[in-house]
Each structure stands twice: as C-alpha cells, then as structure tokens.
Amino acid sequence: MSDIREEQMEKERGEMRERARKLAGAMTLDEKIGMIHGAQLFRTKGVERLGIPPLTMSDGPMGIRQEFRSDSWKAIGLTDDYVTYLPCNSALAATWNRKLAREAGGVLGAEARGRGKDVILAPGINIKRSPLCGRNFEYFSEDPHLTGELAAAFVQGIQEWDVAACVKHFAVNNQETQRLWMEVKIDEQVLRELYLPAFYDALKKGGSYTVMGAYNKLYGEHCCHSDFLLNQILRKEWDYDGVVVSDWGGVHDTEAAANSQLDIEMSVTSNFDQYYMAEPLKKAVRAGRVKEEAIDEKIVRILMLMMRLHMLDGNRKPGCYNTEGHRQTALRTARESVVLLKNQKGRLPLSREHVRSVLVVGDNGNRIHSDGGGSGEVKALYEITPLMGIRKLLGGNVKVDYAEGYCKDWEKREDKETNWQETSLEHGGGFRHDSEENQKHSEETTHSAGTAGRREQLFLEALEMAPRYDQVIFVGGLNHDQDCEGNDRTDMKLPYGQDRLLSKLLDIRPDMTVVIMGGSPVEMGQWIEKADSLVWNWYSGMEGGTALAEVLYGVVNPSGKLPESFYKTHTDCSAHCLGDFGNEDETEYREGPLVGYRYLDTCHVEPEFCFGHGLSYTSFSYHGGKLVEEGGSTFFSCLVTNIGEREGAETVQVYVRPAAAADEEKPEVFQELRGFEKVFLKQGETQMIYIKLEGDLRGAKIAAGSSSRDIRIFLSAQV
Ligand code: BGC
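Residues numbered from 1 in each chain as written. Predicted model: local features only at pLDDT ≥ 70, side-chain atom pairs only at ≥ 80, totals over all residues. Heavy atoms only, no water.

S.K.: Any chance you could explain the overall build of the protein chain here in plain terms?
M.R.: Of regular secondary structure, the protein chain possesses 21 helices and 26 strands. The C-alpha atoms of the protein chain give a radius of gyration of 25 Å, which matches the 27 Å a tight globule of 719 residues would have. Dimensions of the protein chain, computed from the C-alpha atoms along their principal axes, are close to 80 × 70 × 50 Å. Out of the 719 residues belonging to the protein chain, those deemed buried represent 63%. Looking at the protein chain alone, contacts between residues at least 24 apart form 77% of all its contacts between residues at least 6 apart. Approximately 26,800 Å² of the protein chain is accessible, and the part contributed by carbon and sulfur atoms is 48%. Charge-centre separation for the protein chain: the mean point of 86 positive side chains lies 3 Å from the mean point of 111 negative side chains. (Helix = DSSP H or I, 4+ residues; strand = E, 2+ residues; numbered from the N terminus. Rg over C-alpha atoms; globule rule 2.2 N^0.38 Å. Buried < 20%, exposed > 50% of the residue type's maximum accessible area, 1.4 Å probe, protein only. Contact = heavy atoms within 4.5 Å. Areas by Shrake-Rupley, 256 points an atom, 1.4 Å probe, with all protein chains shown as cover. Lys, Arg positive; Asp, Glu negative; His and termini not counted. Charge placed at Lys NZ, Arg CZ, Asp CG, Glu CD.)

S.K.: What am I meant to see in the sheet that holds strand β21 (residues 633-642) here?
M.R.: Whether parallel or antiparallel, the strands of a sheet pair through hydrogen bonds between backbone atoms. One open sheet holds the three strands; their spatial order is β20-β21-β24, and the pairing between them is antiparallel. The open sheet has two edge strands, β20 (620-630) and β24 (686-693), and neither has a second partner. Taking each pair of neighbouring strands and ignoring which way they run, the sheet shows an average axis angle of 20°. Bridge count for β20 against β21 is nine bridges, and the pairing is antiparallel. Within the sheet, the bridge partner assigned to Leu-627 lies in β21 and is Phe-636. (Pairing = 2+ DSSP bridges. Axes fitted to C-alpha atoms, helices over the stretch in contact; angles between N-to-C directions.)

S.K.: Even after reading the chapter, I still don't get the site of the ligand, so can you show me in this structure?
M.R.: The environment of the ligand is made up of 15 residues, and the closest members are Asp-59, Arg-135, Asp-247, Gln-421 and Glu-485. Note that an oxygen atom of the ligand is positioned 3.4 Å from one of the side-chain N or O atoms of Arg-65. Here Tyr-215 contributes a side-chain N or O atom positioned 3.0 Å from an oxygen atom of the ligand. For the ligand, the protein covers 100% of the area, taking 310 Å² as the surface of the free molecule. Among the residues forming the shell around the ligand, the class breakdown is five nonpolar, three polar and seven charged. (Near = heavy atom within 4 Å. Polar contact = N/O pair within 3.5 Å; in protein donor to acceptor, adjacent residues only side chain to side chain. Nonpolar A, V, L, I, M, F, W, Y, C, P; charged D, E, K, R; others polar.)

S.K.: Mind showing me how you'd approach the packing of helix α4 (residues 98-114) against helix α5 (residues 144-159) here?
M.R.: When two helices pack together, you describe them by how their axes are tilted relative to each other and by the distance separating the axes. With their axes 6 Å apart at the nearest point, α4 and α5 run at an angle of 35° to one another. Between α4 and α5 the crossing geometry is right-handed. Between α4 and α5, the contacting residues are Arg-98, Ala-101, Arg-102, Ala-104, Gly-105, Gly-106, Leu-108 and Gly-109 on the first element and Glu-149, Leu-150, Ala-153, Phe-154, Gln-156, Gly-157 and Ile-158 on the second. Residue composition of the contact of α4 with α5, by class: seven nonpolar, five polar and three charged. (Left-handed = near helix turned anticlockwise from the far one by under 90°.)

S.K.: Honestly, the pattern of salt bridges in this entry has me stumped. Any pointers?
M.R.: Side chains that differ in sign of charge can pair as their charged atoms come close. Under the criterion given, the structure shown has 64 salt bridges. The shortest N-O distance in the salt bridge between Lys-128 and Glu-564 comes to 2.6 Å. With a gap of 436 residues between them, Lys-128 in the loop between β4 (119-120) and α5 and Glu-564 in the loop between α19 (544-552) and α20 (574-577) connect regions that are remote in the sequence. Of the charged contacts, one joins Glu-188 and Arg-192 as a salt bridge, the two residues approaching to 2.9 Å between their closest N and O atoms. Taken together, the positions of Glu-188 and Arg-192, both in helix α6 (residues 188-195) and four residues apart, correspond to about one turn of that helix. Of the residues examined, Arg-192 reaches a relative accessible area of 31% and is grouped as partly exposed. (Salt bridge = Lys/Arg side-chain N within 4 Å of Asp/Glu carboxyl O.)

S.K.: Please clarify how the packing of helix α1 (residues 3-25) against helix α11 (residues 292-308) should be interpreted in this entry.
M.R.: At a closest axis distance of 9 Å, the pairing of α1 and α11 adopts a crossing angle of 120°. Judged by the angle between their axes, α1 and α11 are oblique. You can see that α1 and α11 cross each other, and the crossing is right-handed. From α1, Arg-13, Met-16, Arg-17, Arg-19, Ala-20, Arg-21, Leu-23 and Ala-24 reach across to α11, where they touch Ile-299, Val-300, Leu-303, Met-304, Met-307 and Arg-308. (Parallel < 35°, antiparallel > 145°, perpendicular 65-115°, else oblique.)

S.K.: Sorry, what's going on with the sheet that holds strand β11 (residues 339-343) here?
M.R.: Judged by pairing direction, the sheet is mixed, and its six strands sit side by side in the order β11-β18-β17-β15-β12-β13 without closing on themselves. Looking along the sheet, the strands with just one partner apiece sit at the ends: β11 and β13 (399-403). Neighbouring strand axes in the sheet, compared pairwise and without regard to direction, differ in orientation by 20° on average. Examined bridge by bridge, strand β15 (residues 471-477) and strand β17 (residues 513-517) share five bridges and lie parallel to one another. Note on β17: the bridge partner recorded for Val-475 is Val-515. Set on the sheet, helix α17 (residues 451-465) makes contact with β12 (357-361) and β13; between it and β13 the angle comes to about 155°.

S.K.: Hey, could you run me through helix α7 (residues 197-205) in this one?
M.R.: In an α-helix there are 3.6 residues to a turn, and that puts residues three or four apart on one side. Those residues of α7 not exposed but buried are Ala-198, Phe-199, Asp-201, Ala-202 and Leu-203. Against α5, β5 (164-170), α6, β7 (210-213) and α8 (227-237) lie the buried residues of α7. A positive phi of about 75° marks Gly-207, the residue just after α7.

S.K.: Explain the domain arrangement of the protein chain here, please?
M.R.: Size of an interface: often given as the accessible area lost when the parts come together. Taken domain by domain, the protein chain comprises domain 1 (338-561) and domain 2 (620-716). Facing the seven residues of domain 1 at the interface are nine residues of domain 2. Both sides of the domain 1 and domain 2 interface together cover about 530 Å² of buried area, and 35% of this is carbon and sulfur. Broken down residue by residue, the surface that domain 1 buries against domain 2 is led by Asn-557, Ser-559 and Lys-561, which jointly contribute 85%. Connecting domain 1 to domain 2 are one salt bridge. Of the residues in the side of domain 1 that touches domain 2, the class split is three nonpolar, three polar and one charged. (Domains from an automatic or database assignment. Buried area = accessible area lost by both parts, 1.4 Å probe.)

S.K.: Can you help me understand the packing of aromatic side chains in this one?
M.R.: By convention here, two paired aromatic rings are described through the distance between centres and the angle between planes. Counted according to the given criterion, the structure contains 22 aromatic pairs. Here the aromatic rings of Tyr-200 and Trp-238 are separated by 5.2 Å at their centres, their planes lie at 80°, and the arrangement is edge-to-face. Separated by 38 residues along the polypeptide, Tyr-200 in helix α7 and Trp-238 in the loop between α8 and β10 (243-245) bring together distant segments of the chain. For the pair Tyr-406 and Tyr-496, a centre-to-centre distance of 5.8 Å together with 15° between the ring planes defines the contact as stacked. Of the two residues, Tyr-406 sits in the loop between β13 and α14 (420-423) while Tyr-496 sits in the loop between β16 (487-489) and α18 (498-508), which places them 90 residues apart along the sequence. (Phe/Tyr/Trp six-rings, centres within 6.5 Å; stacked < 30°, edge-to-face > 60°.)

S.K.: Would you mind showing me how to read the side chain of Asn-479 here?
M.R.: Examined against the element boundaries, Asn-479 turns out to sit in the loop between β15 and β16. A polar side-chain atom of Asn-479 sits 3.1 Å from a polar atom in the side chain of Tyr-496. Contacts of Asn-479, omitting those with residues within four sequence positions, involve Asn-364, Arg-367, His-369, Lys-408, Tyr-496 and Tyr-539.

S.K.: Whenever I open this one, the nonpolar core confuses me. Can you help?
M.R.: What tends to happen in soluble globular proteins is that the nonpolar side chains get buried as a cluster. The biggest cluster of nonpolar side chains holds 163 residues, and the ones touching the most others in it are Trp-248 and Trp-527. Looking at this core, you find at least three residues from each of domain 1 (338-561) and domain 2 (620-716). Membership of the second largest hydrophobic core comes to 24 residues, among which are Leu-340, Leu-350, Ile-390 and Ala-549. (Core = buried A, V, L, I, M, F, W, Y, C linked by side-chain atoms within 4.5 Å.)

S.K.: So what exactly am I meant to see when it comes to the environment of Lys-692 here?
M.R.: Locating Lys-692 in the fold gives a position in strand β24. Overall, Lys-692 belongs to the partly exposed group, its relative accessible area being 41%. For Lys-692 and Val-628, which are 64 residues apart along the polypeptide, the C-alpha to C-alpha distance reads 9.3 Å. Sequence-distant contacts of Lys-692, defined by excluding residues within four places in its chain, comprise Ser-633, Thr-634, Phe-635 and Arg-674.

Here it is in structure tokens:
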C-alpha cells in the first residue's frame, strides 16, 4: 500500500474513533453493558434513543444458519430461511483458488446481509493439526500459508457486503475433547510461526472486522480473556482495532473478561442478565473493581465496527439470498474442490457413450449433509446428492440404481427435538467419539439390535447387484456423526463396516470407481491397492452431487489438490506419534513445528496421499524456472504447458527448503509452502506464472511442482 493511502486510512480511522468516543460519552453504564453481551442467543442490545441498533450475528462457514428463537435453541421453523449451501472450508481450500475464495465469501456476505445479519461467524481457520479433530471440515488446511491466503480472500468477499466476518477460533482450538477447559501447551515460537500467521493474514491482510476467541486455554488463561493473545499479540503487536467476540460460553470470569481486550460476551444459555459481562460487571464497576474506561474502549470498537458496516449512516448494501448467481458460485467451488486421488488405469472419466446401467453403492451416495455438523449446519434450499447428480447427468435412457451397501448406527443425534448446542457445553464441552464403544452401545439398544443384521443384509445385496451393471460407483466415507462439533474421532477407520464392503466389491468389480466423502482423511489400507480410480469429495454444498457427477463423467476436468496430508493411519500424524491429542486436561504440542507434511517430509514418513496432491485428466509440463528480483521482492517464475488432450487447471506450488544451519545436520523443517498459483490452460496452451515468495530465502533451495512430493523444478536462492 502506498504511504499516501496508508496516511489517508489512518486519518479516517482517527476520525471514526473520535466520533465513536463522542457517542460513547453520551451513553449510560446500563446502555454500554447492553452492547457488550448477548441479550439474545445471537444478538446484543442497541441504544434506541441514540440510534444505535443491536448487533445481529449468525453462523456459519457454509451458509447462513436458520432462525432460532431468541432465548432457546429451538428453530423457529420458518419457510423463508432456506439458503445457499456452500462447500465447506476444506473444500474451498482444495480449490487453491483465491478468486473463488473471494467469490464464495461474497455469497456468504450477500446472504448474511440479505437475511439481515451484521456479523457472520466465519470462516473457521484453525490449523488442522490432527485428522481426528471433529471440526476439521470447517477449517481450511494444515498449512498456514494456504489457509491465510484463502481466508483473507474469503473475508474480503464477505465484507464487500457491509457484513463483518468473524474469524474463528483464536487460537490453537485444534481438538473438541474438553474444549472448554483443555489447556494447550505449546512452544511460543511454534505458536507464532504455525498457528497464528493465518489469523494475522485474515485479520490484517483480509481486514476481518471481528474475531472470535477460542474455548480452550493457552498459557493458563482462557483464550476469550487471554492477556497474551488479545492484549499482547492482537492489540499491541498487530495493532488490531476490530471487535473480539467470545465463543458461545467461552467467558469464565467477570473481571478477567472486562479487563481483557474482549469486546462482546456471547453464550448458550438464556439468563442473559447473568452473563459475566452483564449484571455482574455492572456490580464490579460500581464496586470499583473494574474501571468504566475499560468498557468505554469496547464500546468505541463496537461503534467503529457499526460505522464500518454503515449501520449508523443509512447507507448500507441490502444483500440478497438464494440467487442463481450464488448457486453458480457454489457449483463452481464444488467442481474445483473434487480431488482425483488415483486414476491408475485411466478408467476415469467414465464413458457416457455405451453405458446402459449404473449402480451407485453406499449411504453417502444418497445422503444429505447440510443439516449436520454442529453450528455449521445449514438449512439448504436444496442439496443435490451424488445419486441425484449422476441421474441428472445421465438422463432417462440409462438405468441408475442404488444400493445402500451399509447403514449408520442408531444414534441419539437422530432425535431432532433436542438441539445439541443446548447441551454441548456440559462436561467440558466435547468428547471423543469411540466408534467401537458406540457400536457396542448401539447394539445394546432395542433400535439398533437390528443394525448389525441390517448391515449384513445391505452388504449381501450390494455384492449380489454389483456384477449386473455396466458401471459401479461406490460413494462412502464419513458423515456429520464423525465430522462434528463437540466430537473428535479416535482413529481414522472408515465407519459402518465399509472396509469389508469395499474390499469385497472391488474383488467382484475391479473396475469400480471409489468416491470417499469427508472433512478429514480415512484409512484406506484394506482396499487401496485394489482400487484403480479413487476420488475425494468434501461436504461440497448444494450442488455437490452435480459437480461430482460432472467430474466422474469428464464434463469437468478435476483440479482440486489436497490441502492436508492424507496419512495412512492417524499414528503417522505427528500430533499422535510425537505430541498429545484428545487429552482432557492439557494437550502438549511436542511435535513443535513438525505438523502435517512438515513432519512427514522431514522424518521420511510415507503418506497415503501427500499434501498438494491431485490429478487431472490432462497433464502439464514445467520449464524455464527462475527467480526474479523486482521492487525488492523475489518471485519464482516458470512456464507451464498443458501437454494433454483437454483443457484443465494446474496449481503450481512453491516450497522453500531452508539451508541447514552450519552446526546442524539437517534443517528443522525440510520444506514449507511459500507460494502457489492456479492456472487454467487450454490444450497445448502455455502460460508464464509469477509467484511472490515472502520470508527469508537466504541459502534456501526452491522446489516447485505439482504437489509437495512431485517437484518439477529445483533452484538455489542466490539471495
Ligand atoms: C461454536 C462457534 C459458533 C457458536 C455459535 C459455538 O459452539 O464453537 O463456532 O459460532 O457456537 O453458534
């Protein structure tokens, strides 16, 4: 940014602050208190006599949540709060496409505004430290650079609509187990280098107007009123003047919260006046235990937020929801998020020419996912399942049949009468979902006495049907019983006996296409060798089934790349083999900076599929790699040519391999992603790409390629 522009912005910020101070000066203590805590589950109080409206918030990353009653977690049941359901943040990350991230953010912003919201509680950007974290589907990646780049674009897209993004959860909220009380033990340098940079990017580069504190504790303090995180880092080091909102129920002490840099306390119960920053705070001010100036600072920041959103000047964008354009963005995002993991014999794309019959097998083939997952649930206008997507694409002349193949366990969550959020903070707020225990439990209940029998019946039925069709497509994986807020998995195993089913089906039909869905990887060891064609599909929004079918049948050329390592098993992940995960009181991040591929590549552990991996139906060649100095910055540049038979997109990834320190045998981290660019190329087309490389490059090797383990160009930085 130019100096003049920066000066201008600083001046505007100063003027805004002055106006906010004056307004705050006219308010009573009661009025101020009303603005800094939830007066409803998703709303604070305004000050009518001064023309200050309340702040209205809503979840979440994949769409604007349905309307709840103001004081209970019961959905009102309206018919006009159906919305566009976007692919989850992991899917967005798999596109590696900043422009698309901005557009998807734009959909969320427009819909939030269209539904009358001021703050949208998204995006979730915690680093994926372990594949077992139940909320991974809401997060982008294991890599801070990829997360930061895409989250910043997403935030900008949201905020174009005069709606604030709320980047969450600050910070190190990497497990759900005992999420309210669990203390994270982490080296400060690792925290700063790995877990905070994406927040910096989303808040400072993306300019997010608000941020949400995490439930967990760090260095002995609850993150929602942590002096270290909120005061030292956020306000002092990052000079952040946006609003800090607590996670719902993340505040535990009146004075600590009031004196911290937290601005708004939200929670899950309806005793709004008893929130820590409500009546108890008023008493503390009157007793002289908290200075009123501490509250004034919060009010000034909230008013500045309202000014930024044009809430006070009547000059605000109206927004809109459920537009055709929004659905198109959801579709394009879904298309680019599908990852072709394996296509050994070139069986994909499937032919539409001579096919008469197709069998789709697997519960996920016909399951809707939008209504699950926790606070990220969406009341989608519609959701195209894979089965519907395939039928829609092939038309009526092809017989497309469906076999469930396996079924879910009977679970409490099927009871739609109780909202999980009401009870989600009991007993520390989260647990580990043990698939075997659950199974045992469910087999003991009357309902599920039949689960095992039913599963066997479905298994046999699928085996019996499979030989009879021209094509067989398996669509399985996880669902929101595993990928869910308040819940961590205990291993990466496929649930519901799918390994056995897959293995047997592949014996009968070695040509079967395997599609696995989920927000985190699963173990594939029992059948992967037998599967020639394997596709990964995330929770990919209302048009997910359309996009998947288009990729399977070659209408769309896949271009998704894994934004995280797909381990063979969870014990290959450093959080499990070096550090702790899922402990109830404290979790030590002993793996230090060796998270995800940083661990696998440094310690020579083979993943099932590596970070950045993703195939295409065409191929690309790289040439002419060089480093270019321009305006004090270093750029990696190279030519990429589409040498295959059809148009497609490639994401060039640039990894920096630091020089080994003179007294060390090898560098601490083998390589890290520092830049990427996605290019769209017609058959035979060549493009020159430039990728800016930030950070220290002294003595480093530059490795550029198609994935973290498919490096095409090596260079030495001469800097
Ligand atoms: C979640 C947040 C969410 C909030 C409001 C909490 O349980 O952790 O991500 O925004 O609820 O629904």
